[in-house]
Amino acid sequence: MRVDPEPTLKGAETTLNRFGIHAFVRQDEVMPTPYERPVPPAEARAAERRAARPQLTRPAEGKVIAGVAIGLAHHLGWPVRWIRLAFVLISIPTGAGLVAYVFLWALTPQSRGGVVGRGRRAVDPADADALAKAGGVPEPVTGAGERDATRVLLVGGLMLGIGLVVVAQNAGLNARLGILVPLLVVAAGAVLAWSQLDDSQRGRWLGSETGTRRFSVARLAFGGVLALTGLVIMATRGRSLAAIWDIGAAVLAVLAGVALIAAPWALRFWSDLRHEQAELARATERADIAAHLHDSVLQTLALIQRKAGDPGAVTQLARAQERELRSWLYAGPSDSDATLATAVVEAAHEVEDLHGTPIEVVSTGDRPLDDGGQALVRAVRESLLNAVRHGAPPVSLYLEVGPSGVEAFVRDHGPGFEGGEIPEDRLGVRQSILGRMERHGGAAKVRRLEHGTEVSLSLPPDLRPPQPVPENDHTTNAQPPTTPPTNVQPAAEETREHA
Amino acid sequence: MNTPEKKPVEVVLVDDHRMFRSGVRAELGQAVSIVGEAPDVDAAIAVIRQAKPPVVLLDVHLPGGNGNGGIDVIHGCKGLETVDGQPVRFLALSVSDAAEDVIAVIRAGARGYVTKTISATDLTRAIQRVADGDAVFSPRLAGFVLDAFGAAAGEVAQVDEELDRLSAREREVMRLIARGYQYKEVAKELFISVKTVETHVSSVLRKLQLSSRHELTAWAMGRRLL
């Protein structure tokens, strides 16, 4: 996706304003007390209390059913076992414990960072004291695996069921067994299905790994089937098959009706949700842009204001910032592979940053960076340094990578060499440009133009073409037979004018 | 071509940044007279239709219209002629040198493309060149052209009329422009007249506008031109 640059900038500008103002206000707040805000005594006391009695939440780990008992234990500072026992005990005669459990389950939020108080124990002595007083041995909460929990759940459920049956029979409700069994089945199914809802992150619900996901779906399906079976048994007790069909048809009709009525609402809800998510994504992107502009453009603008008296520095800052912003706006995710073109462009930017002279860079084609390429990049850099030091702007660099080889031209508009000779102080040019290129099988020429000097550098085509047997060094890379004269022509001319 | 005796070229300046407009107005000398300004697409079309200038300096990114900026202005002024019977010509001007923007605005009909960092003298020269019906290529645009026509990769047209490739001479001219040569220097380098250089550049411009090369159409598609 390519973002139209202007609208993006404009949208960012408004965000930027807000961002800037916001940052300003915050700074103002902090200004009077730059080191540390003193904590008001009331707040401190509240914090202490909070630390001593952790919030009632259900931990995601170490739970048996839904983690209500553990959460309650942490909150009250009692041993978990007692609480579990109490739940079971008050469940047996009337089922009140069950109701309470479900009630707490529904109302208690799940904690995010695993077990409550676990992280705090190390840092907060008050909390540690409370825990020591409460239970002594900390629950092996994290160690309890899924298998363990399931086992305990099964055993507990079974015992609960047996107890209920026994109590019911004692009370002379023998005939109700027909209801009780399906009811238990429904409850078990519901627990299984609902326990999925508990994993608040959708990631776990859908499962990031296929294994977890399959397990989740299986659990959900099993729970659903169990609950449905229970309901059907309950509803069809003692009726004929025909009656069941009738009821089934009626139920289906009702369900279809409900679905029909609810569908628009559901759709609307879904689209609202999607819209909200898109909005959020956009807001995030906008915040990213604002942050980037704040770090780059605003800083540079501030610097420019401070250096307003120095035109050279201002130009340099503006150029560097422009380049940075441009690459951020237009360049996609750059591939990490070093290529010749990117290396040459980078060298040009470096020289520009060093001397503040704008360099117009134009490049076409590209190829991987090899030894010869490295030499070319260094020679280009040296030529550019010469151009900005001894020549006059505009300085331009043209790089062409094609099947006939690599050519680079560095041009300035200075007075050039006196008398067409390379002066004494520029003997380095011979070594760092001419010599270097020749060592790598390339060539370099310096020529004087009417206005300025042009250094042309060339490398032969990549000698490691896809096809392993090069027949002829000059025409290997599938170059059309008609082209060589045009490709060679400028080089020939330059040889003639070689300084 | 740069004769000071000529009467000033009338120009309409279209740009949504007021600061930039006043800057250009202050910079451009006697050779150019600005007869109108507009900050957005709709105002631009109205002003250009009324003033009928030989040259419009057109920002690529503009608010209004169908959201395509300068391209909408060019489309909105299609077929418009000056009092002398010359077509109204557009010189695109932008901070962006993204290939999509450049190629798209040229294909829409602009006679040339320069970046906003151009010096005042170069801009004046470019305006005069466009007024004379020639094309204006910056080094970067020449680079794009070499890329887009596969010229850097060695593709060369067999006959000059071929729209999808550059002829050998056109390629040479483009390469020299990309190296930062002025038209005059190109002419000297290739032992041809400046007029011939201008002819080559205009023919490249025509190919750029009419060719159906995949690269060019893909770039134009990016700006919803086709």
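Residues numbered from 1 in each chain as written. Chains lettered and ligands numbered in written order. Predicted model: local features only at pLDDT ≥ 70, side-chain atom pairs only at ≥ 80, totals over all residues.

## Here's the deal with the overall build of chain A
When its secondary structure is counted, chain A shows 17 helices and five strands. Taking contacts inside chain A between residues at least 6 apart in sequence as the whole, the part at least 24 apart equals 67%. (Helix = DSSP H or I, 4+ residues; strand = E, 2+ residues; numbered from the N terminus. Contact = placed C-beta atoms within 7 Å.)

## What about helix α2 (residues 41–51) of chain B?
Residue and element names in this part refer to chain B. Among the residues of α2, those classed as buried are Val41, Ala44, Ile45, Val47 and Ile48. Lining the buried residues of α2 we find β1 (9–14), β2 (32–38), β3 (55–59) and α3 (70–76). Once α2 ends, the next one or two residues include Lys52, with phi positive near 45°. (Buried ≥ 20, exposed ≤ 12 C-beta atoms within 10 Å, placed from the backbone.)

## Observations concerning the confidence of the model for chain A
Residues and elements named next belong to chain A. The share of residues in chain A with pLDDT of 70 or more is 58%, and the mean pLDDT across the chain is 68. Mean pLDDT across the secondary structure elements of chain A bottoms out at helix α17 (residues 484–496), with 37, and peaks at strand β3 (residues 405–411), with 87. Confidence drops under a pLDDT of 50 for residues 114–144, and excluding neighbours within four residues, the segment shows 49 contacts in the predicted structure. pLDDT under 50 marks residues 465–499. Its contacts with residues more than four places away, or in other chains, come to 39 contacts. (pLDDT = per-residue confidence, 0-100.)

## A word on the pairing of strand β1 (residues 359–364) of chain A
Residues and elements named next belong to chain A. Burial within β1 is extensive, with six of its six residues counted as buried. Burial along β1 is two-sided: Ile359, Val361 and Ser363 and Glu360, Val362 and Thr364, pointing in opposite directions, are all buried. Pairing between β1 and strand β2 (residues 395–402): six bridges, direction parallel. Within the sheet, the bridge partner assigned to Thr364 lies in β2 and is Glu400. Chirality of the crossover, the property in question, places the unit of β1, helix α15 (residues 371–390) and β2 among those that are left-handed. (Pairing = 2+ DSSP bridges. Right-handed = clockwise from strand over helix to strand, strands pointing away.)

## Some words on the sheet that holds β2(B)
Residue and element names in this part refer to chain B. One open sheet accounts for five strands, arranged β2-β1-β3-β4-β5; its pairing is parallel. Two strands in the sheet have a free side with no partner beyond their single neighbour: β2 and β5 (112–115). Mean inter-strand twist for the sheet, computed between neighbouring axes without regard to direction, equals 25°. When β1 meets β3, the two strands line up parallel, connected through four bridges. Looking across to β3, one finds that Leu13 is bridged to Leu57. In this fold helix α5 (residues 120–131) packs onto β1, β2, β3, β4 (89–94) and β5, with an angle of close to 150° to the strand it touches most, β4. (Axes fitted to C-alpha atoms, helices over the stretch in contact; angles between N-to-C directions.)

## So, the packing of helix α4 (residues 99–108) of chain B against helix α6 (residues 139–148) of chain B
Residues and elements named next belong to chain B. Relative to each other, α4 and α6 sit at 85°, their axes nearing to 11 Å. The angle between α4 and α6 falls in the class roughly perpendicular. Taken together, the residues of α6 that come into contact with α4 (itself represented by Ala99, Val102 and Ile103) are Leu141, Phe144 and Ala148. Considering only residue class, the contact of α4 with α6 consists of six nonpolar, no polar and no charged. (Parallel < 35°, antiparallel > 145°, perpendicular 65-115°, else oblique. Nonpolar A, V, L, I, M, F, W, Y, C, P; charged D, E, K, R; others polar.)

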